[in-house]
Amino acid sequence: MVNKRATLVILGFLLAFVLLFYRIMTLVLWPEVKTSGTEGTFTQRGIIYDRYTNALTLNVEYYDFYIRPARLSEETRQWLITHLVGMEGKVFSLQDMSVLESTKDFVYLKRRLPYSQKNRLETILTNYPGKWPSDSWGFLKKNSRYYGFLETAKVVGYVNIDNEGLAGLEFFFDERLKKGENLYTTLDPLVSRIALEELIRGITEASAEYGSVIVMKISNREILAMVDWPSYDPNVYTTISERNSINYALSVAYEPGSVMKVFASTFALQEKLVRQDESFFCGGSIEIYQTKIKDGFAHGNLRLAEIIQKSCNVGMVQVADRFTATRWYHTLTNLGFGKTPAIPLPGKAKGILRSLSEWSGLSKYMTSIGQEIGVSTLQLALALGTLADHGWYESPTLVYEGKEKERHQVLDSTACETILHMMEKVVGENGTALSARIEGLTIAGKTGTGQIAKENGQGYYPNFFSALFMGVFPAEKPEYLMVVAVNRIHGPKHTGGEIAAPIFSRIVRRMIIQTDYFGGKP
Amino acid sequence: MFSKIDRPLLYAVFFLMIVGVLFVFSASSYFSLRYTGNIYTYAMKQLLFMLIGFMGMVFMAHYDYTRLRFWIKPMVLVTFVLLLLVFVPGLGSVRGGARRWISLGLFDFNPAEFAKLVVIIYLAHILTKKQQKLQNFTFGLLPPLLIVTAMFFIILMQSGFSIATLLLAVGLIMFFVGGASIKHLLSVGLLSLPVLVTFVIQVTYRKARILSFLNPWDDPYGRGYHLIQSYRAFAGAGWFGKGLGNSVQKLGALPTPHTDFIYAVITEELGLLLALLLLGIYIFIFLRAFLIARHVRDPFGQLLGYGIASLFALHVILNIGVTTGVLPPTGVSLPFLSYGGSSFVMFSLAMGILLNLSASTHEEVKETWREIHEDFQTTMEE
């Protein structure tokens, strides 16, 4: 009897062992979906900080709500539809429910639900009178980002539903952020906010299509603000479109127009091609290689300072006549034109600068007045930085990385100082940008009005312009620079002096009043 | 002596002991560093337990098991005393809400682990001694039943619900195999059921714990937490695992990676195939123990063998059952693999007894090999 009963016991145990075998295999080979969630051991995505080490990004948790329609009976399906659509806050539409009719094993009914909504939903579902089939619905906790600053949205970028960087710094530094590394940027959200607000106002008033502003600290070329419009809310995916996800400050090249004159003038002085007291005659137009270059009206006799002040094309072309094309071309390249700027962001435009071999006889004239060349706002800022920094070109800083930076001398130091001095007159009586003037702060600036080439290459649009203003302040001891670009203006006012200069002065004015930049703090 | 003992059993047990030390080291390293400042603390202790256990096993393998019968009264008495000593303030130490250890300075000693073995020896003795009276409830079944029940309640009071239930289960199996009337067992079982259920329900934390395994996601950060972390370990294992030492779940996610949930860590590191192979070794030891018991001619030895085999199997099934979420969470050790001295030494002694049993059958096996073989075959056919 003992052995018989023992045999029963052994069979019982063996059965239990077989069940364990099966259970272990199930857990390893066919785990429940929930087990693959990200809670538990997980590295928090690195934080992106502003220049004061305040966080520009927050790590937050969202919940993805899933349903496994194949496991539901028709009855439970109907119950779900009525109760979910009837849920307060209109979280689900009747359309969302169509997936329930499918025989799919797994569908997300709603993603990125905040904790409060998840809780409400859970209460409703647990109140179901019947019994749910096993694992027929549930929530997957997902880590995501919240962006507190819309004004840094373009630079910071955003992540997709799987918390992977899709744009901006989030994209460029995705690998490092995933490992939990933090980024310390040079951005100043307050200056960015001021710049964006004034830019939007300017773009609206001018009926322009887009625009951008860069504010840079000249020492170390730290980017305080890089804003552009149209933009998006990185927290709401539906606000992101193809048109507004372009970073207009660095991904788009346009003809800069007269702002190029300051670089050409510096080049002319440095090469000793003109004397400061030499005068040129402007009769309103001049013809080179059968191309007529015009001015708004005849300026008469002008010296170099007045060519800049009044932005005289005819005078500038006469100066450019003395340029050696090769040397001028190399100066342009050394200033960063036609080259991709070294900034840790995706989508950098190289700009348009035809190679020397493709230059026509006209090219050196046209490039000196900002045509036949395409630049990005960032490239302009870097070139202006060179002028303001005694002729030294330096690549920009957006993230403090302790990396070796590119720095080399492009222009002659005395020539740069002389030109900066001349640029002060632009923002004065008889200058093109009186509207950029600010009491108590000297500004060295230059306006530009770019024409827009037709897409088919057949000349320029007659009533379609880009307005630019770039400036350095305080002029006597340059510390900051700013480039304002308002592009594809449809409105009647379209010159740099009318459109961009007021934006510039409003931003500087607000920087004086609202920030500490001129109160001694760096 | 060595030539007579069951070599496959010895090798399998020794293999488990080695694997145990290895995995206690792997699974506890993070935990150990965090709580003791040294990654080796638990591994070194386990190594020491292994040495003690191995010596105990060798001793018991040489010790004639029939002489255990002469010690049975003092053994039961000492067990009761030790179980009660746990309640003495200063001696007993409380861990994780359970008062079940006697503090011995360097180690804490858990008398309940040994109580299980003592109950097996005691029942094997008493049931074979009273074989003729077993059908009589009052004089046959009741006295041993009372002793087992007394131990059960003492251990239950120490919050050792799992060990208490296990003791009861082993006891019942032994009564059953030992020839107690099924009618009696059923009535006792039915009568004690309300007591058991009330006890469980009264203590709320047990109620919550017992039901939590049904759906751990009801409370993923509370009662369901252990189990979810265990599931994660299994889910991350795959066929070949993450490699020795590479478990992620042992790094702070599983609260007790080196004791109750060590099997999850092993699976995560070695993968499904080796984890199942390990379970296979357990089954092998269990079957071997059963076969040894079956070959023993002496009824006491036979029942003793069945008891040890059942205890071993119950531990494995309960531990892995908890780890895989098919049984309510209880703190039952995985023989030779879980960290813990009392359990390790107890199983070593038990295996020593089995080895001694196998040696005692050796000559008979030689003589009556054919007979037993045929007997085994007919039983399996039945």
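Residues numbered from 1 in each chain as written. Chains lettered and ligands numbered in written order. Predicted model: local features only at pLDDT ≥ 70, side-chain atom pairs only at ≥ 80, totals over all residues. Heavy atoms only, no water.

Some remarks on a nonpolar patch on the surface
Residues and elements named next belong to chain B. Counted only if it meets this: Excluding any residue in a salt bridge, patches collect residues exceeding 30% relative accessible area, merging like charges within 9 Å and nonpolar Val, Leu, Ile, Met, Phe, Trp and Tyr side chains within 5 Å. The protein chains shown are the only cover counted for residues, whose accessible areas, like all others here, come from Shrake-Rupley with a 1.4 Å probe. By definition, a salt bridge exists where a carboxyl oxygen of Asp or Glu is found within 4 Å of a side-chain nitrogen of Lys or Arg. Secondary structure follows DSSP: runs of H or I at least 4 residues long count as helices, runs of E at least 2 residues long count as strands, and numbering of each begins at the N terminus. Buried means the residue's accessible area, taken with a 1.4 Å probe over protein chains only, is under 20% of the maximum for its type, while exposed means over 50%, and partly exposed covers the values in between.
A cluster of nonpolar residues, Leu48, Leu51, Ile52 and Met55, forms a patch on the protein surface that exposes about 370 Å² of accessible area. Note on placement: leucine 51 falls in helix α2 (residues 41-62). Classification of leucine 51 by relative accessible area gives partly exposed; the value is 48%.

Brief notes about empty space enclosed by the protein
Residues and elements named next belong to chain A. In plain terms, the rule: Both site types are read off a 1 Å grid over the protein atoms alone. A 1.4 Å probe that fits but cannot get out defines a cavity, while an open set with protein on both sides within 12 Å along at least five of seven lines defines a pocket; lining residues have an atom within 4 Å of a point. Grid points are joined across faces, edges and corners, and a volume is the space filled by probe spheres set on the points. Polarity classes work like this: nonpolar for Ala, Val, Leu, Ile, Met, Phe, Trp, Tyr, Cys and Pro, charged for Asp, Glu, Lys and Arg, and polar for all others, with Gly in that last group. All the domain ranges listed were derived from an automatic or database domain assignment.
Applying the stated criterion across every chain yields a total of three cavities of 30 Å³ or more. A volume near 50 Å³ is recorded for the largest cavity. Along its surface, the largest cavity is lined by Leu150, Glu151, Thr152, Ala153, Lys154, Val155, Leu196, Met226, Val227, Asp228 and Ser231. When contributions to the lining of the largest cavity are tallied by element, the ones reaching two or more residues are α4 (153-156) and β7 (222-229). Looking at the lining of the largest cavity, its residues break down into six nonpolar, two polar and three charged. Counting residues domain by domain, the lining of the largest cavity receives three or more from each of domain 1 (48-184) and domain 2 (191-514).

Concerning the interface of chain B and chain A
Applied cut-off: In this description, contact between two residues means that some pair of their heavy atoms is separated by no more than 4.5 Å. Accessible area, probed at 1.4 Å, shrinks when two parts are joined; the buried area is that loss added up over both. Any pair of N or O atoms that falls within 3.5 Å is considered a polar contact. Within protein, one atom must be able to donate a hydrogen and the other to accept it, and sequence-neighbouring residues count only if both atoms are side-chain atoms.
Taken together, the contact between chain B and chain A spans 45 residues of the former and 30 residues of the latter. Of the roughly 3600 Å² buried between chain B and chain A, counting both surfaces, carbon and sulfur atoms make up 74%. For chain B, the biggest contributors to the area lost against chain A are Trp217(B), Arg232(B) and Ile317(B); these three give 17% of the whole. Applying the counting criterion to the chain B and chain A interface returns zero salt bridges. Seen at the junction of chain B and chain A, the total is four residue pairs in polar contact (both at pLDDT 80 or more). For the side of chain B that touches chain A, the elements supplying multiple residues, two or more each, are α6 (161-178), α9 (225-235), α10 (262-295), α11 (299-323) and α12 (341-381) of chain B. Ranked by residues supplied to the side of chain B that touches chain A, first place goes to α10(B) with 10 residues.

Focus: the domain arrangement of chain A
Residue and element names in this part refer to chain A. Partitioning chain A into domains gives domain 1 (48-184) and domain 2 (191-514). The C-alpha-based centres of domain 1 and domain 2 are spaced at 44 Å. The interface is formed by 25 residues belonging to domain 1 together with 30 residues belonging to domain 2. Of the roughly 2300 Å² buried where domain 1 meets domain 2, counting both sides, 61% is carbon and sulfur surface. Remark: the boundary between domain 1 and domain 2 carries four salt bridges. The residue glutamate 222 makes a salt bridge to arginine 51 at a minimum N-O spacing of 3.1 Å. Taken together, the links from domain 1 to domain 2 amount to 13 residue pairs in polar contact (both at pLDDT 80 or more).

Thoughts on the pairing of β7(A)
Residue and element names in this part refer to chain A. Condition: When DSSP finds at least two bridges between two strands, those strands are taken to pair.
Judged by how many residues are buried, β7 sits mostly within the fold: seven of eight residues are covered. With seven bridges joining them, strand β6 (residues 208-217) and β7 adopt antiparallel strand pairing. Bridge assignment links lysine 217 to a residue of β7, and that residue is glutamate 222. In textbook terms, the turn of a hairpin is the stretch between consecutive antiparallel strands, and for β6 and β7 this stretch comprises four residues, one of which, asparagine 220, has a positive phi near 70°.

Structural notes on the state of the cysteines
Two cysteines, two sulfur atoms, one covalent bond between them: this is a disulfide. Using the following cut-off: When two cysteine sulfur atoms are found within 2.5 Å, that pair is recorded as a disulfide.
Summed over all chains, the structure comprises zero disulfides over all chains. With no disulfide partner, Cys282(A) has as its closest neighbouring cysteine sulfur the one in Cys312(A), 3.7 Å distant.

Topic: the pattern of salt bridges
All names here are of chain A. Applying the stated criterion to the full structure yields 38 salt bridges over all chains. Arginine 193 is the salt-bridge partner of glutamate 197, the closest N and O atoms lying 3.0 Å from each other. Here glutamate 197 pairs with arginine 193, and both are found in helix α7 (residues 189-206), just four residues apart, close to one helical turn. A relative accessible area of 32% means that glutamate 197 is categorised as partly exposed.

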